[in-house]
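# Remarks on the overall topology
Chain residues, written in single-letter form:
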Amino acid sequence: MDVLDKPDGCNLSEQESAVLEGVVWRKLDKWVLPMCTAFQLIAFFDRTTIGNARVAGMQTALNISDYQYTLALTLTYVPYVAMGLPSNLILKRIGPHLMLPAMVISWGIVATMQGLVTSYTGLLLCRLFLGLAEGGLFPGLILYLSSFYPRERLQIRSDQGSSHRNGLVPDVLLQDNCFFASVSLTGAFSGLLAAAITEMNGIGGKPGWAWIFILEGSFTFVFGIFSFLLLPRSPETAHFLSSDERCYVVSTLKRSRAISDDDGKDDFSWMEVLRSIRSPHVFMICVVEICNGTVLYGLAFFEPTIVAGLGYSGNQAQLMSVPPFVLAFLASMISAYVSDRYGCRGLMVVFFAIWCIIGFSVFYATISPHVQYASLFFSVTGAYAGAPAIVTWISNNSAPHIRRASSIAFAFVATNAGGILATWLLGSLSPAPFYTAATIIFIAMSIGQVVFAALNMFYLFRQNRAKAESRFSMAKHDEPQELGDRSAWFVYSL
C-alpha cells in the first residue's frame, strides 16, 4: 500500500493534520462503522436463523423432508449470488445511503413473512425473495466502507489492520474490528434468542418457531427505517464532519488510492470488470472464498442441527449451540490484533484454516458425542475467524473503484457458491449424525484454503518485489494512470 504522507489539497499545516488524524477516524467509527456492523449482524442473523427455527419445530410443522429443507436453503442463494455484481456496480450511482437501508427494509418484510407461512410453497417464496432483497448487502457494505477508510485503516475495521503503523491504540481496535466479528456473534445470539422466543409458543395462535421469524424480521424492518436518517452517502456529505475534516478524509483516501484523484475514473467500465477477472490474486482469493464459504455456511445453517444430533434437544440444543460461536468471536478480536502487529493477513487465513482441519478431523475420527461437540470449537472458530481476512485481502488489493467493486462481488459469488454446496452436503447428501462425506469434504476445503492462501501470499510478495524494482527505474508521472492496483506505487497487502 502507499505510504501516507500529509494529505494534499487541503492547505492544512502539519499540526492541523495531526489533530485531524486523531479526530476524523474516531468520528467515522462512531457514525459509520456501527451502522455497517448492525447491517451485517442482522443480515446474517435473518438469513441463517432458519436453522434455529428448524430445531424449534418448523420442519415438522410444515411437514417437509430433509431434501425439501435443503432445497429451500438453496433457493435463497440463487438470487442472493446473482445480485452481488449488479448491485455493487449501481451502488454509487443510486447512493449507498438510500440503497443499503432499502435492502434492509425489504428483507425485513420478507423475513417477517416467514413466520406467517403455512405451507412449503410459502416458505420457498419467502426464501427466494429474501435472497433477492439481501443479496447486494455484504459486497455493498465492503465497498461502502472502502469509500470512507484508506486501505490500511479499512483492514482493522474488517478484523485486519495496521494500528501501530497509524497511531491507533489497542483500545480503539476492539471497536473497529467488530464489523466482521459480528458474523460470529450471530451464531451466539441466534441460539440464545431462539431459546427465549420459543417460550412464546402458542401466543396469538402461533408456534414458537414462527415467532422467531416474526420478531427478528420486525426488528430488521424498524431498524432499516431508522438507518435512513443516519447513514451518510459519502465523506463529502457527512453531516458530522466539518469542512476541514471532510477535505482531510477525501485527500487521505485519494493518496491511499482508496478512491481516484479524478471522479471520472470511478465511472463504470467493463474493462475494469475484465481486469478484475484476469487478476491472478482475485482468482486465488475466490478459490479460498469457495472453500471457506462451504465450511462457514455449512456450520451457520446446520450447527444447531449438528448439536441436536449429539444428544441435546429443544432449548438445550439451542443453548449448547452458543459457546462455539462465542469462542469464534473472541478469536476474531485476537486475530485482528495479531495480524495488525505483525502484518500477517494471509497467515491468519492459513492459521484458522488449520483450526478447521483439526476440528473436522476430530469430528470424523470419533463417535463420542462429547468429543464431537468439543471439535466444533475448532471448526466454528476456524471458519468464522478466518473469513474477515479473506474479504479484506481482496478489497485492499483491488483498485480503482469499479475494479474493487467487481473483485468484492466475485469473491461474494464464490463464497455463496460454497454456501450452496454446503446446504446439500449437510442437508441431503451426508446423513446425520456423523455427516461422514460432508466432514471429509470440509477437511479438503480447509486444506484448499491453506494451499491457495499460501500461493496468493507468494504471488503478491513476488509482485511487490518487482514493483519495488520498477520504482527505482521510473518516475511516478511516467506511468500510465489506468493501472490501478497494477501500478508500481500500489503495494499489495500480504
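The preceding data block contains the structure.
Let us look at the structure shown here.

Basis of the calculations
Residues numbered from 1 in each chain as written. Predicted model: local features only at pLDDT ≥ 70, side-chain atom pairs only at ≥ 80, totals over all residues. Heavy atoms only, no water. Helix = DSSP H or I, 4+ residues; strand = E, 2+ residues; numbered from the N terminus. Expected span 1.5 Å × (residues − 1). Buried < 20%, exposed > 50% of the residue type's maximum accessible area, 1.4 Å probe, protein only. Contact = heavy atoms within 4.5 Å. Phe/Tyr/Trp six-rings, centres within 6.5 Å; stacked < 30°, edge-to-face > 60°. Core = buried A, V, L, I, M, F, W, Y, C linked by side-chain atoms within 4.5 Å. Axes fitted to C-alpha atoms, helices over the stretch in contact; angles between N-to-C directions. Parallel < 35°, antiparallel > 145°, perpendicular 65-115°, else oblique. Left-handed = near helix turned anticlockwise from the far one by under 90°. Nonpolar A, V, L, I, M, F, W, Y, C, P; charged D, E, K, R; others polar. Polar contact = N/O pair within 3.5 Å; in protein donor to acceptor, adjacent residues only side chain to side chain.

What follows concerns helix α8 (residues 96-113). Owing to its 3.6 residues per turn, the α-helix aligns residues three or four sequence positions apart on the same side. The terminal C-alpha atoms of α8, which comprises 18 residues, lie 26 Å apart, in line with the 26 Å expected from a rise of 1.5 Å per residue. Pro96, Met99, Leu100, Pro101, Met103, Val104, Ile105, Trp107, Gly108, Val110, Ala111 and Thr112 are the residues of α8 that are buried. Buried positions along α8 lie against α3 (33-48), α7 (84-94), α9 (120-134), α10 (137-146) and α14 (208-227).

Here we come to the packing of aromatic side chains. A complete count under the given rule lists 25 aromatic pairs for this structure. Plain terms: the ring middles of Phe219 and Phe223 are 6.2 Å apart, the flat faces sit at 25 degrees to each other, and that makes the pair stacked. Note that Phe219 and Phe223 are positioned in helix α14 at a spacing of four residues, about one turn of the helix. Look at Phe223 and you get buried, because its relative accessible area is 14%.

Moving on, we come to the nonpolar core. Counting residues in each nonpolar core, the largest one holds 95 residues, and the members touching the most others are Phe39, Met58, Leu100, Trp107, Leu137 and Tyr384. For this core, the leading source of residues is helix α17 (residues 280-308), giving ten residues. Non-local contacts of Leu137, meaning those with residues more than four positions away in its chain, are made with Phe39, Ala43, Leu100, Met103, Val104 and Trp107. Counting 29 residues, the second-largest nonpolar core is a separate cluster that includes Val288, Ala331, Ala389 and Trp393.

As a further point, take the packing of α17 against helix α20 (residues 345-365). The interhelical angle for the contact between α17 and α20, taken along N-to-C directions, is 45 degrees, at an axis separation of 12 Å. Looking at the two axes, α17 sits oblique to α20. Between α17 and α20 lies a crossing whose hand is left-handed. From α17, Val288, Val295, Leu299 and Ile306 reach across to α20, where they touch Val349, Cys356, Phe360 and Phe363. Class assignment for the residues of the contact of α17 with α20 results in eight nonpolar, no polar and no charged.

Between Ala432 and the following residue, Pro433, the backbone shows a cis peptide bond with an omega angle of 0 degrees. By the element assignment, Pro433 lies in the loop between α22 (401-429) and α23 (436-473). Of note in the backbone geometry, Asn63 takes a positive phi value of approximately 55 degrees without being a glycine. Note that Asn63 resides in the loop between α5 (58-62) and α6 (66-82). Classification of Asn63 as exposed rests on a relative accessible area of 68%. In this structure, Tyr435 is a non-glycine residue whose phi angle is positive, near 50 degrees.

Here Leu274 is to be found in helix α16 (residues 270-278). Judged by relative accessible area, which is 35%, Leu274 ranks as partly exposed.

Position of Thr423 among the secondary structure elements: in helix α22. Polar contacts involving the side chain of Thr423 include one to the side chain of Thr74, which spans 3.2 Å. Among residues more than four places away in sequence, those in contact with Thr423 are Thr70, Leu73, Thr74, Tyr77, Phe301, Phe302 and Ser428.

Honestly, that's just the spatial picture; any functional story needs more than this.
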